[in-house]
Amino acid sequence: MATKNTVAVLGPGGTGGLLAALLSRSGHRVICLAQDRTADTLRRTGIAVRSPQFGDFTARVEADTELREPVDACLVAVKHTVLDAALTRVPPAALGDALVVPLLNGVEHPARLRARYRPDRVAPAAIRVESTRVAPGVIEHGSPFTEIDLAGDGVPRARLDALAAGLAAAGTTARVAGDETAALWAKMAFLAPFALLTTRYGLPLGEVRTRHRAELESLVAETTAVSRACGAPADPAQALARYDAFPPGAKSSMQRDAEAGRPLELDAIGGALLRAAERHGVPAPVAARLVSELRAAGH
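These lines cover the structure that appears in this document, whether it is placed above or below. (Residues numbered from 1 in each chain as written. Predicted model: local features only at pLDDT ≥ 70, side-chain atom pairs only at ≥ 80, totals over all residues. Heavy atoms only, no water.)

### Things to note about the sheet that holds strand β10 (residues 138-141)
Ordered in space as β4-β3-β10-β9, the 4 strands form an open sheet in which the pairing is mixed. Where the open sheet ends on each side, the last strands, each with one partner, are β4 (57-59) and β9 (131-135). Strand-to-strand twist in this sheet, taken as the mean axis angle between neighbours without regard to direction, amounts to 25°. Contacts from helix α1 (residues 14-25) reach β3 (47-50), β4, β9 and β10 within the one sheet, and its direction differs from that of β4 by about 85°. (Pairing = 2+ DSSP bridges. Helix = DSSP H or I, 4+ residues; strand = E, 2+ residues; numbered from the N terminus. Axes fitted to C-alpha atoms, helices over the stretch in contact; angles between N-to-C directions. Contact = heavy atoms within 4.5 Å.)

Okay, structure coming up:
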């Protein structure tokens, strides 16, 4: 992607909208796939980004309700809760030789995508960013970083390298991770405690890491143990240091969904963590309690 290519973005929300705008600004052709009303808005106004990292800018994009032509890559940036419905916007026959790049939370979605699309073109990515869609075509990017780890067991390395180069040229910190499992679990091991605790207590990370420190430490120990059992190295001390370095006002996307009354990715994050723990015989009592309490609260 050092050359200018065509990229589809399924779900131009906080994450997808930010990447769509960055790629368009750097010269790529971008086709956003969304519902009718959102697609109409994007065609008329483009995507406006407000960001301390990238500045404030507006990028023009194309938009449609369904992919109708081959592309070089399709970024899948919807929530787990709507994944199956959203994938109907990307017919396998329309993709051509495109890479399918899911940016979803969790670890179980690659198998679903490989059942639908060419397995050797599904390239799971882990993205670390705090970015929110405040209205169709309006993105507030709050984190001072946008980091992407690309992977894909069986995907040609040259394709991954080219995509990483294009994303890096657009302004992100993008790299190719050699091990898909390690890349996905590195994010999962960080995200699960962040999401579960901030959502359960309705507090930003700064308050969670002080008022609920012992619980955070226990949950980090559980998630890193599960990660190691799945074959992905994880260091609890390093994870805790990352939490402590995060902006104190940071909220998880799950917490934002709860505040807005949207469905939560509880099963994709907490449920997947518990299923992996059970498969490998790793005790995870704190995670189990938090998931149970969130479900009992109607999530």
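Let us keep going from here.
### Some words on the pattern of salt bridges
Counted under the stated rule, the structure contains 29 salt bridges. Arg-112 is the salt-bridge partner of Asp-84, the closest N and O atoms lying 2.7 Å from each other. In this pair, Asp-84 sits in helix α3 (residues 83-87) while Arg-112 sits in helix α5 (residues 109-116), placing the two residues 28 residues apart along the sequence. Assessed through its relative accessible area of 36%, Arg-112 is described here as partly exposed. Between Arg-157 and Asp-161 there is a salt bridge whose closest N-O contact spans 2.9 Å. Here the residue Arg-157 and the residue Asp-161 both occupy positions in helix α6 (residues 157-169), the gap between them amounting to 4 residues, near one helical turn. Judged by relative accessible area, which is 47%, Arg-157 ranks as partly exposed. The structure contains a network of salt bridges with shared partners spanning Asp-97, Arg-118, Asp-120, Arg-121 and Arg-159. (Salt bridge = Lys/Arg side-chain N within 4 Å of Asp/Glu carboxyl O. Buried < 20%, exposed > 50% of the residue type's maximum accessible area, 1.4 Å probe, protein only.)

### Examining the sheet that holds strand β12 (residues 173-176)
In spatial order, the strands read β8-β11-β12; together these 3 strands make up an open sheet with mixed pairing. The open sheet is flanked by β8 (125-128) and β12, the only strands paired with a single partner. With strand direction ignored, the average angle separating the axes of adjacent strands in the sheet is 10°. Relative to β12, strand β11 (residues 147-150) runs parallel, the two sharing 4 bridges. If you follow Glu-147 over to β12, its bridge partner there is Thr-173.

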